[in-house]
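So the chains spell out like this:
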Number of protein chains: 2
Amino acid sequence: METFTVTVTEMPGKVYGQYREGEIMTTIKDIARISGYSIGTVSRVINNRADVSEETREKISEIIRERGYQPNSNARKLKQVISSEVSIIVRGNKNVFFESILEEIQIMMRGYDENINVHFIGETDNEVATAVRTVSYIKPKGIIFLGGYIDNFRDEFSQINLPCVLVTTDARDLGFENLSSFTTDYYDAGKYAVNKLLSYGHTRIGILGGYSSNRSREHKNGKIIGAVEALDRQGIPFDFDRDYEPCSYSAESGYEAAVRLLGRSPDLTAVFAISDSIALGALRALKDIGRRVPEDVSVIGFDGLTYAKYSIPRLATIRQDTATLAKKCVDDLLLRITYGGPAVHELIPYEFIEGESVAPVRQ
Amino acid sequence: METFTVTVTEMPGKVYGQYREGEIMTTIKDIARISGYSIGTVSRVINNRADVSEETREKISEIIRERGYQPNSNARKLKQVISSEVSIIVRGNKNVFFESILEEIQIMMRGYDENINVHFIGETDNEVATAVRTVSYIKPKGIIFLGGYIDNFRDEFSQINLPCVLVTTDARDLGFENLSSFTTDYYDAGKYAVNKLLSYGHTRIGILGGYSSNRSREHKNGKIIGAVEALDRQGIPFDFDRDYEPCSYSAESGYEAAVRLLGRSPDLTAVFAISDSIALGALRALKDIGRRVPEDVSVIGFDGLTYAKYSIPRLATIRQDTATLAKKCVDDLLLRITYGGPAVHELIPYEFIEGESVAPVRQ
DNA sequence: ACCGTTACCGTAAACGTTTCCATATAGTGA
DNA sequence: TCACTATATGGAAACGTTTACGGTAACGGT
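Residues numbered from 1 in each chain as written. Chains lettered and ligands numbered in written order. Predicted model: local features only at pLDDT ≥ 70, side-chain atom pairs only at ≥ 80, totals over all residues. Heavy atoms only, no water.

### A look at the overall build of chain A
Here comes step 1: Helix and strand counts for chain A stand at 14 helices and twelve strands.
Here comes step 2: Out of the 363 residues in chain A, the part that is buried amounts to 59%.
Here comes step 3: The contacts of chain A with a sequence gap of at least 6 include a subset with a gap of at least 24, amounting to 69%.
Here comes step 4: Element-wise, carbon and sulfur atoms account for 50% of the exposed surface of chain A, whose accessible area totals about 14,700 Å². (Helix = DSSP H or I, 4+ residues; strand = E, 2+ residues; numbered from the N terminus. Buried < 20%, exposed > 50% of the residue type's maximum accessible area, 1.4 Å probe, protein only. Contact = heavy atoms within 4.5 Å. Areas by Shrake-Rupley, 256 points an atom, 1.4 Å probe, with all protein chains shown as cover.)

### Points about the state of the cysteines
Such a bond, covalent and formed between the sulfur atoms of two cysteines, is termed a disulfide.
Here comes step 1: This model, assessed by the stated rule, comprises zero disulfides over all chains.
Here comes step 2: Counting only cysteine sulfurs, Cys164(A) is the nearest neighbor of Cys329(A), a cysteine outside any disulfide, at a range of 11 Å. (Disulfide = S-S within 2.5 Å.)

### Side note on the sheet that holds strand β6 (residues 205-208) of chain A
All names here are of chain A.
Here comes step 1: The six strands are arranged β7-β6-β8-β9-β10-β12 in an open sheet whose pairing can be described as mixed. Each of the sheet's edge strands pairs with one partner strand only, and the pair in question is β7 (244-245) and β12 (351-353).
Here comes step 2: With two bridges connecting them, β6 and β7 associate as parallel partners. Note that in β7 the partner of Ile207 across the bridge is Tyr244.
Here comes step 3: Most of the contacts of helix α12 (residues 276-288) go to strand β9 (residues 298-303), to which it runs at about 160°, and overall it touches β6, β8 (270-273), β9 and β10 (316-319). (Pairing = 2+ DSSP bridges. Axes fitted to C-alpha atoms, helices over the stretch in contact; angles between N-to-C directions.)

### Some words on the protein's contact with DNA strand D
Here comes step 1: Ile28(A), Ser43(A), Arg49(A), Ser38(B) and Thr56(B) are the nearest of the 26 residues found near DNA strand D.
Here comes step 2: Backbone sugar and phosphate groups make up 67% of those atoms of DNA strand D lying within 4 Å of the protein.
Here comes step 3: Note that a phosphate oxygen of DNA strand D is positioned 3.1 Å from one of the side-chain N or O atoms of Asn47(A).
Here comes step 4: With respect to DNA strand D, the side chain of Thr41(B) contributes an N or O atom lying 2.8 Å from a phosphate oxygen.
Here comes step 5: Breaking the surface near DNA strand D down by element, the ones donating at least two residues are α2 (39-46) and α4 (73-79) of chain A together with α2 (39-46) and α4 (73-79) of chain B.
Here comes step 6: Sorting elements by how many residues they give to the surface near DNA strand D places α2(A) first, with four residues. (Near = heavy atom within 4 Å. Polar contact = N/O pair within 3.5 Å; in protein donor to acceptor, adjacent residues only side chain to side chain.)

### Regarding the confidence of the model for chain A
Here comes step 1: Model confidence for chain A is summarised by a mean pLDDT of 83, while 84% of its residues fall at 70 or above.
Here comes step 2: When pLDDT is averaged over each helix and strand of chain A, the minimum, 67, is found for helix α6 (residues 127-136) of chain A and the maximum, 98, for β8(A). (pLDDT = per-residue confidence, 0-100.)

### What to know about the pairing of strand β5 (residues 179-184) of chain A
All names here are of chain A.
Here comes step 1: Taking burial as the measure, the six residues of β5 include six buried ones, the bulk of the element.
Here comes step 2: Burial of the side chains of β5 extends over both faces: Leu179, Ser181 and Thr183 are buried on one face and Ser180, Phe182 and Thr184 on the other.
Here comes step 3: Relative to β5, strand β4 (residues 164-167) runs parallel, the two sharing four bridges. Considered in β5, the bridge of Leu166 is made with Ser181.
Here comes step 4: Where β5 and strand β11 (residues 345-348) come together, four bridges link them in parallel fashion. Along β11, the bridge assignment pairs Thr184 with Ile348.

### Quick word on the sheet that holds strand β3 (residues 142-146) of chain B
Residues and elements named next belong to chain B.
Here comes step 1: Spatial ordering of the open sheet is given by β2-β1-β3-β4-β5-β11, a layout of six strands whose pairing is parallel. With one partner strand each, in any of the chains shown, β2 (115-121) and β11 (345-348) form the two edges of the open sheet. Pairwise comparison of adjacent strand axes, ignoring direction, gives a mean angle of 15° for this sheet.
Here comes step 2: Strand contacts of helix α14 (residues 322-339): β1 (85-91), β3, β4 (164-167), β5 (179-184) and β11, with the helix running at about 170° to β5, the strand carrying the most contacts.

### Some words on the packing of helix α8 (residues 186-199) of chain A against helix α9 (residues 222-233) of chain A
Between two packed helices, the angle of one axis relative to the other and the distance separating the axes together describe the packing.
All names here are of chain A.
Here comes step 1: At a minimum axis distance of 6 Å, the contact between α8 and α9 shows a crossing angle of 45°. Our classification of the angle between α8 and α9 gives oblique. Considering the relative orientation of α8 and α9, their crossing is right-handed. Together, Tyr186, Tyr187, Gly190, Lys191, Val194, Asn195 and Leu198 of α8 and Gly222, Lys223, Ile225, Gly226, Ala227, Glu229, Ala230, Leu231 and Arg233 of α9 make up the contact between the two elements.
Here comes step 2: Taken together, the residues of the contact of α8 with α9 sort by class into eight nonpolar, four polar and four charged. (Parallel < 35°, antiparallel > 145°, perpendicular 65-115°, else oblique. Left-handed = near helix turned anticlockwise from the far one by under 90°. Nonpolar A, V, L, I, M, F, W, Y, C, P; charged D, E, K, R; others polar.)

### Considering the packing of helix α1 (residues 28-35) of chain B against α2(B)
All names here are of chain B.
Here comes step 1: Following both chains from N to C, one finds α1 and α2 inclined at 110°, their axes separated by 9 Å at the closest point. The angle between α1 and α2 places the two elements in the roughly perpendicular class. Where α1 abuts α2, its residues Ile28, Lys29, Ile31, Ala32 and Ser35 lie against Ile39, Val42, Ser43 and Ile46.
Here comes step 2: For the contact of α1 with α2, a count of residues per class yields six nonpolar, two polar and one charged.

### Focus: the protein's contact with DNA strand C
Here comes step 1: Residues in close proximity to DNA strand C total 28 residues, the closest being Thr41(A), Thr56(A), Ile28(B), Ser43(B) and Arg49(B).
Here comes step 2: Sugar plus phosphate: this is where 64% of the atoms of DNA strand C within 4 Å of the protein reside.
Here comes step 3: Taking Ser38(A), its main chain carries an N or O atom lying 2.8 Å from a phosphate oxygen of DNA strand C.
Here comes step 4: Broken down by secondary-structure element, the contributors of at least two residues to the surface near DNA strand C are α2 and α4 of chain A together with α2 and α4 of chain B.
Here comes step 5: Its residues assigned to classes, the surface near DNA strand C shows nine nonpolar, twelve polar and seven charged.

### Some words on the pattern of salt bridges
All names here are of chain B.
Here comes step 1: The tally for this structure, following the rule as stated, stands at 43 salt bridges over all chains.
Here comes step 2: A salt bridge links Arg362 to Asp296, with the shortest nitrogen-to-oxygen separation between them at 3.0 Å. Residue Arg362 is found in the segment after β12 (351-353), and its partner Asp296 is found in the loop between α12 (276-288) and β9 (298-303); the two are separated by 66 residues along the sequence.
Here comes step 3: Taking relative accessible area as the criterion, Asp296 reaches 16% and is therefore assigned buried.
Here comes step 4: With a shortest N-O distance of 3.8 Å, Arg314 and Glu356 are connected by a salt bridge. Remark: Glu356 occurs in the segment after β12 and Arg314 occurs in the loop between α13 (306-310) and β10 (316-319); sequence separation between them is 42 residues.
Here comes step 5: By relative accessible area, Arg314 is classed as partly exposed at 25%. (Salt bridge = Lys/Arg side-chain N within 4 Å of Asp/Glu carboxyl O.)

This is how it looks when you write it as C-alpha cells:
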C-alpha cells in the first residue's frame, strides 16, 4: 500500500540470501538468444511496435509466453522517457473514503490493463512537494492525487508537466492546463445536509470534524463552509467555539469529539459529522452519554460508506458517488495521456441517503 | 496501495507531457560534477561506505542536501543485487484486518527508515507464484506475506531464497529455513469463542464466514476448525449444511449470510462470525429480521477492529494483537536480513473482548 | 538494369546507478 | 632511503531495457 521516499542512507551490514541464479530472472537477452533474433527486435515485439513481421512477432511472443518472461520494470523505467505507469498519490492515513475510492480506481485501471503505483503521504507533509519528488523517478505518464487542500498545489504544481487529476478538491481556480479535477460539491452538500436538519425543525446544530483546529469562518473544509452558510441563511449564526468540534476521520476521534461537543453544548438537537466514521463514533458516544438517536439528537454523516448501511440505527448520510468519481478520473486521465486535450473540472452529484438517525426535533 | 503485475503489451499512442528538463532530475553525475569528485566517490558517500575521507564525505553530503538530490531508485534496483526495499504482499481485496496490520507494519518500517513496497494480489490468484514474479525485479531484501493458505506456499516458495515472513498462517510444518511465521492461534481462538458461547449455555450455535464454499469438516479455516472442535468436545456435532454459512470478509456479505443462516436455522441462539465486519453485518441483519441481540441471539466476532468498539450493541470479539504481530514480523525480518539466523514460528496471544452482544441463553 | 521504396531487422548508445579494479598519495617500519 | 601497507579516489564495466540509426533484401516502376 505504500512507497516511501527513498532514503539516502542505508543500513550497512551483510545481506543474506538472494534469488537463485537463472531460476527466476529471464532477460530480454535470453529471449533474443533463444529466438535467434536480436534484442532490438524482441523489444519491438514487447512494445508492440510496427516494423516487425507478423511471423517473427508470433514466434517471439510464443517464446515469451512459454518462458513466462516479463520485462524488468526497473530497467524499463530507467530508460523510458515516460514509463507505462500511472502514479496515485494518496494523502492521509486512515481515511476510509480514500481507501474506498482508491479501490475503485484500482479495479478500473486493472480493467484497462494499466499499471499503477500508489504512494501514501502523511497529512502533515508538504504533500505535493514530497510527492513530486517521490514519483519523479518513476516517470509516470500521469498522476492522480487523492485529497489535499488546494493551497498545497498552488506553488508546487508548476513543476509537473504531466496529465494529472485531482480528486476531492476543485482545482478550477488554479488554472493549470494539465490538472483536471473531480469532486463532490462539498459546499453544496454541506448546505444540503444542514438544510435537511433545518427542515426537520432543528436549530441547535453542531458540527463534527475537519481536523484543522481552525475554529473560525475561514475554515477550509467545503462541507463546513456550506453547513455554516445554510445556517446563516436561516439567520442562525454558527458559533465555532461552542458548536464545532474538530476531529480526524476516524470513529475513535469522532467518539471523543462528540463527547466533548455534547458535554459543552448539551442543548444541541442535531449533529452533522463530516464523515461516516466520525458519525459512527458519535452514534456510540451519544448512546453512552444517554442521548437517544434520533429521539434526542439527530445525526447525519457524510460519504455513504458501506458501514453506514449496517449501523444501528442506520445512518443518514450524504453519499458521494465513488464509482463515478473514480470512472471520470481514470477516463479523463487516460484520455489526456493518449490524446492530449484540455483539463476538465467537474462536480459529481451527491445523493442523500435516508436513515434512522434523523428525526424531527422534539417540541 | 497497489502495484500490478507488469503487463507485456502497452497501449501504443503518443504521450503528452513530461518533466521539464533539469528542473526535477538531478543525477549522481550532477553531484559529481558540482563537487569535483567522481561518480564512484559520490556513490560511496550515498551508500555510507567506509573508503571515503571524513572531509569529502561532508562536502559531498552538503551538496546532496542543498540540491535535494535523491538517487534514482530504478537505476539502483537495476544495478543492485539486492535492493534496499522490503516487499509486502497482501492477499485479498477488502480485508479490513489486513489493512489494519499493514498500517502497523508501515508505521514500524517508517520508524526504522526502511523502504517498503506493497503489492496486492487477488484472492483467486495462484498467489505466491504471481507474487514472486511480481516482486522478482524489485529484488527486495525480504518479503512479508500477509495472508494466504499454507498450501499455496508449499510448492512455490522454494523459488525464493530470501528472508521472508508469513503473517496469519503458521508455516512451521513447511520447514523452509528462510520463512518465519507469526499468527494468532486461530484454532485455539475459534475454540475459545465457541467455549465462551457454550459457557453461556448456548448449544445451538451457527458459524458465519470462511469463503471457501467448503461445507465440510475439512475446512481450511483454523477458526472454524477450532469452533467445530469445541462443539464436538461437548458432544454437539456441527452440521455444516444447516448451521454454517460461508461469506467473504465484509459487512455486506455478513448481512446476507446472516439472513440466510437464520432463515434456515431460526432456532440458533448464538452466532460466531469469523471477522468483525461479518459480525457487524450480522448485527444489522438480526435487527432487520426482528431478532434482538443479545436477548434472542448472541453474536461474537473476530479481529477486534476499532469499529467493533463503536457498534451498537458493542461487539464481543476475539482481539488479534496486531501491534505485536506487526512488531514481531518486522523485527524478525530485519534481523534476519542483517544477521541471518534461523526462521522462527510463533503464535501470538489473542484476547477476548467483552461486549454487549453476548448474553446467557434464554431458558 | 537501375534506382527508390518499403519492410524488416541488427547494432550500439544511453538511462543512473553500484562496484570491482587500478592508481595515487601518505604514512609506516626497517 | 626503500619497500610496504593503508587510505582515498578515479575509471569503467555492468545491470536490462529502449530507440535512433543504418543496413539488407525484395520489389516495382522506369
